[in-house]
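So the chains spell out like this:
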Amino acid sequence: MSTLEPERGTGTGTLVEPTPQVSHGDGDHERFAHYVQKDKIMASALDGTPVVALCGKVWVPGRDPKKYPVCPMCKEIYESMGSGGDGEGKDK
């Protein structure tokens with residue numbers, strides 16, 4: 001059943017909004033370092049909350065970003081933003 005179809009036989013439908021997939025050690029975020037707001041990185045380091053990269057990846061950082069190539073999508077988005085000094089930083 002699609003998440004956009006109402007349940008059959010109930011007379012009403014419920015839309016299920018997809019929730020972000022938070023990873024704790026698997027997936028393609030392991031292959032890249034992503035761009036994330038620096039204040040979000042600090043908050044995640046302190047309380048373990050997930051971060052959202054420019055490309056939309058959601059995860060709890062825990063590895064050294066210098067060991068990985070930069071995510072091509074994050075890089076493209078960051079470069080299209082121009083030099084605004086908007087607090088974006090590379091993190092993994």
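Everything numeric here is computed off the predicted structure, so don't read it as measured data. (Residues numbered from 1 in each chain as written. Predicted model: local features only at pLDDT ≥ 70, side-chain atom pairs only at ≥ 80, totals over all residues. Heavy atoms only, no water.)

Engineer: How should I be thinking about the overall build of the protein in this particular structure?
Structural biologist: Scanning the protein for helices and strands turns up two helices and four strands. Counting over 92 residues, the protein shows a buried share of 25%. A separation threshold of at least 6 residues defines the contact pool for the protein, and within that pool the share at least 24 residues apart is 59%. If you sum the accessible surface of the protein, you get close to 6600 Å²; carbon and sulfur atoms cover 53% of it. (Helix = DSSP H or I, 4+ residues; strand = E, 2+ residues; numbered from the N terminus. Buried < 20%, exposed > 50% of the residue type's maximum accessible area, 1.4 Å probe, protein only. Contact = heavy atoms within 4.5 Å. Areas by Shrake-Rupley, 256 points an atom, 1.4 Å probe, with all protein chains shown as cover.)

Engineer: What is the right way to read the packing of aromatic side chains from this model?
Structural biologist: Aromatic rings in a pair are described by how distant their centres are and how their planes are angled relative to each other. Summed over the entire model, instances satisfying the criterion amount to one aromatic pair. On the numbers, 4.7 Å between centres and 0 degrees between planes, the contact of Y35 with Y78 is stacked. In this pair, Y35 sits in strand β1 (residues 34–37) while Y78 sits in helix α2 (residues 72–80), placing the two residues 43 residues apart along the sequence. (Phe/Tyr/Trp six-rings, centres within 6.5 Å; stacked < 30°, edge-to-face > 60°.)

Engineer: Even after reading the chapter, I still don't get the nonpolar core, so can you show me in this structure?
Structural biologist: Inside soluble globular proteins, nonpolar side chains tend to come together where they are buried. Among the nonpolar cores identified, the biggest contains nine residues, and these are Y35, V36, I41, V51, A53, C55, W59, C71 and C74. When neighbours within four sequence positions are excluded, A53 is seen to be in contact with H34, Y35, V36, W59 and C74. (Core = buried A, V, L, I, M, F, W, Y, C linked by side-chain atoms within 4.5 Å.)

Engineer: I would appreciate a short explanation of the side chain of S44 in the present structure.
Structural biologist: Take S44: it is sitting in helix α1 (residues 38–47). In this structure, S44 is in contact with T49, V51, V60 and P61, ignoring residues within four places of it in sequence.

Engineer: Explanation requested: the confidence of the model for the protein in the structure shown.
Structural biologist: Predicted coordinates in regions of low pLDDT should not be interpreted in detail. Residues of the protein with pLDDT of at least 70 account for 57%, and the chain-wide mean is 74. Looking across the protein, the model is least confident in strand β4 (residues 88–91), with a mean pLDDT of 52, and most confident in strand β2 (residues 51–52), with 94. Long-range and interchain partners of residues 22–26, a stretch whose pLDDT sits below 50, account for 10 contacts in this model, where long-range means more than four residues apart. (pLDDT = per-residue confidence, 0-100.)

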